[in-house]
Amino acid sequence: MPPDPSTKAGRKALRHEMRMVAVRPRRWGLWLLAIGALLLIAPSALDIHSLLGWSPVWLGLVACFAALPLLITAAVLRRRHRRGRLKIGGTQET
């Protein structure tokens, strides 16, 4: 039985449920994106031009591009879950 959005506790449960949908891909994607951004600015900010023989700019781009599919997957899963919840709740008619 889905939480009742007409009560304060039901709204809180519904918000918590929506936050927990696709939390792992979203978290990993945001971490990779943050690491990639830091690696992109590392050569100019920290004067680091090589990490274990690899360019930090190249590693940053790889991390940012690896984050994109994770963030897109999280958004799609969250949207799919929300649409499924709307159909179960009866507020959306086909």
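Shown above is the structure to which this text applies.
Below: a short report on this structure. Quick caveat: nothing in here was measured; it's all calculated off a predicted structure.

### Considerations on the overall build of the protein
Part 1 of the argument: In terms of helices and strands, the protein carries 3 helices and 0 strands.
Part 2 of the argument: If you list the helices and strands of the protein from N to C, you get α-α-α.
Part 3 of the argument: Burial status across the protein gives 19% buried among its 94 residues.
Part 4 of the argument: A separation of at least 24 residues holds for 55% of the contacts in the protein among residues at least 6 apart in sequence.
Part 5 of the argument: Total accessible area computed for the protein in this model is approximately 7,300 Å², and 67% of it derives from carbon and sulfur atoms.

### As for unusual backbone geometry
Part 1 of the argument: We note that alanine 22 has phi near 55°; this positive angle belongs to a residue other than glycine.
Part 2 of the argument: Assignment of secondary structure puts alanine 22 in the loop between α1 (8–20) and α2 (23–45).

### Focus on a nonpolar patch on the surface
Part 1 of the argument: Taken together, the side chains of Leu38, Leu40, Ile41, Val57, Leu61, Phe65, Leu68, Ile72 and Val76 make up a nonpolar region of the molecular surface, amounting to roughly 800 Å² of accessible area.
Part 2 of the argument: Among the elements of the structure, α2 and α3 (56–89) are those that each provide at least two residues to the nonpolar patch.
Part 3 of the argument: When residues of the nonpolar patch are assigned to their parent elements, the largest contribution, 6 residues, is made by α3.
Part 4 of the argument: Of note, isoleucine 41 is situated in helix α2.
Part 5 of the argument: What makes isoleucine 41 partly exposed here is its relative accessible area of 47%.

### Focus on the packing of aromatic side chains
Part 1 of the argument: Enumeration according to the criterion identifies 1 aromatic pair in this entry.
Part 2 of the argument: Consider the rings of tryptophan 54 and tryptophan 58, whose centres lie 5.1 Å apart with planes at 20°: the pair is stacked.

### Comments concerning α1
Part 1 of the argument: Its 13 residues place the ends of α1 19 Å apart at the C-alpha level, agreeing with the 18 Å of an ideal helix rising 1.5 Å per residue.
Part 2 of the argument: Just beyond α1, the residue with positive phi is alanine 22, at close to 55°.

### Considering a positive patch on the surface
Part 1 of the argument: Positive charge collects at one region of the surface, where Lys8, Arg11, Lys12, Arg15, Arg19, Arg78 and Arg82 lie side by side.
Part 2 of the argument: Among the secondary structure elements, those contributing two or more residues to the positive patch are α1 and α3.
Part 3 of the argument: A total of 5 residues in the positive patch trace back to one element, the largest contributor, which is α1.
Part 4 of the argument: Checked against the element boundaries, arginine 15 lands in helix α1.

Parameters and conventions
- Residues numbered from 1 in each chain as written.
- Predicted model: local features only at pLDDT ≥ 70, side-chain atom pairs only at ≥ 80, totals over all residues.
- Heavy atoms only, no water.
- Helix = DSSP H or I, 4+ residues; strand = E, 2+ residues; numbered from the N terminus.
- Buried < 20%, exposed > 50% of the residue type's maximum accessible area, 1.4 Å probe, protein only.
- Contact = heavy atoms within 4.5 Å.
- Areas by Shrake-Rupley, 256 points an atom, 1.4 Å probe, with all protein chains shown as cover.
- Patch = residues over 30% accessible without salt bridge, like charges linked within 9 Å, V, L, I, M, F, W, Y side chains within 5 Å.
- Salt bridge = Lys/Arg side-chain N within 4 Å of Asp/Glu carboxyl O.
- Phe/Tyr/Trp six-rings, centres within 6.5 Å; stacked < 30°, edge-to-face > 60°.
- Expected span 1.5 Å × (residues − 1).
- Lys, Arg positive; Asp, Glu negative; His and termini not counted.
- Charge placed at Lys NZ, Arg CZ, Asp CG, Glu CD.

Nothing here speaks to function; it is geometry throughout.
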